[in-house]
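# Fold and contact review
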Amino acid sequence: MAAPRRDHLLNTALSLFNQHGFHATGIDKVQAESGVSKTTLYKYFKSKDELIQAVLELRHDQFGQWFKSRVNEIANNDYTDVPDAHLLAVFDTLSEWFHSDTFFGCNFINASAEYSDTNHPIHRYSAEHKIELSRFIQSVLQNVPETEREELSLEILLLIEGAIVCAHTSGLKESAERAKRMMGFMVASHRALS
């Protein structure tokens, strides 16, 4: 019985933090929206920071599974026998997310901004999430010399992060499409240097 209550609490907190931010959402709001008692809330999470950390871990797992699965699905269905199919699908997946009703920016960008001390565990976890994303990008790079893959994956990560911020802060929902075009030039440039 305990696990479903904890999961419900985490999903409620994720939704609230996603829409309203981490500092702006008080623990009382999470408790009231989830319908659990304060005793139950503090049984599972000793502090708000501990709750936020658990929410980010949940978001990392949920978003990571969806993102990778969707990238593979789009690459296999829409880009059959196309070079860089998975890279193209990365930006198509981002575009779907930007145009969805659940896009309120990136939880990890927002968390690292609200917890700006780079030694804070929440900031460090947010950074690890982004590094893992760059590793995923590196894993789908094809026909790029091994020596170029890490740098290129970090450059593509920069495009992704910029697209997320533009889509969120400026409402430029087509940022993924712009970033996809830029990514094509970057990949061609790296290949030309090899």
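In what follows, the structure referred to is the one given above.
Residues numbered from 1 in each chain as written. Predicted model: local features only at pLDDT ≥ 70, side-chain atom pairs only at ≥ 80, totals over all residues. Heavy atoms only, no water.

A few words now on the overall build of the protein. Looking only at helices and strands, the protein has nine helices and zero strands in total. When the helices and strands of the protein are read in sequence order from the N terminus, they spell out α-α-α-α-α-α-α-α-α. For the protein, the spread of C-alpha atoms along the principal axes amounts to about 60 × 35 × 35 Å. The buried share of the protein, reckoned over its 194 residues, is 45%. Across the protein, the fraction of contacts at a sequence separation of at least 24, relative to all contacts at a separation of at least 6, is 63%. With the model as given, the accessible surface of the protein reaches about 10,200 Å², and the carbon-plus-sulfur share is 53%. In the protein, 19 positive and 26 negative side-chain charges are present, and the distance between their average locations comes to 6 Å. (Helix = DSSP H or I, 4+ residues; strand = E, 2+ residues; numbered from the N terminus. Buried < 20%, exposed > 50% of the residue type's maximum accessible area, 1.4 Å probe, protein only. Contact = heavy atoms within 4.5 Å. Areas by Shrake-Rupley, 256 points an atom, 1.4 Å probe, with all protein chains shown as cover. Lys, Arg positive; Asp, Glu negative; His and termini not counted. Charge placed at Lys NZ, Arg CZ, Asp CG, Glu CD.)

Quick look at the environment of Glu33 now. Tracing the backbone shows Glu33 in helix α2 (residues 27–34). Sequence separation between Glu33 and Leu16 is 17 residues, and the spatial gap between their C-alpha atoms is 8.8 Å. Apart from the residues lying within four places of it in its own chain, the contact partners of Glu33 are Thr12 and Leu16.

Glycine aside, the phi torsion of most residues is negative, and most peptide linkages are trans. For Asp81, which is not glycine, the phi torsion reads 60° and is therefore positive. Mapped onto the fold, Asp81 is located in the loop between α4 (48–78) and α5 (85–98). Unusually for a residue other than glycine, Asp84 sits at a positive phi of about 65°. With respect to the secondary-structure elements, Asp84 resides in the loop between α4 and α5.

Between α5 and helix α8 (residues 146–170), the shortest axis-to-axis distance is 11 Å and the interhelical angle comes to 15°. Taken together, the axes of α5 and α8 lie roughly parallel to each other. When you trace α5 past α8, the crossing you get is right-handed. For the pair α5 and α8, the contacting residues are Leu87, Val90, Phe91, Leu94, Trp97 and Phe98 in the first and Ile156, Leu159, Ile160, Ala163, Ile164 and Ala167 in the second. Looking at the contact of α5 with α8 residue by residue, the classes come out as twelve nonpolar, no polar and no charged. (Axes fitted to C-alpha atoms, helices over the stretch in contact; angles between N-to-C directions. Parallel < 35°, antiparallel > 145°, perpendicular 65-115°, else oblique. Left-handed = near helix turned anticlockwise from the far one by under 90°. Nonpolar A, V, L, I, M, F, W, Y, C, P; charged D, E, K, R; others polar.)

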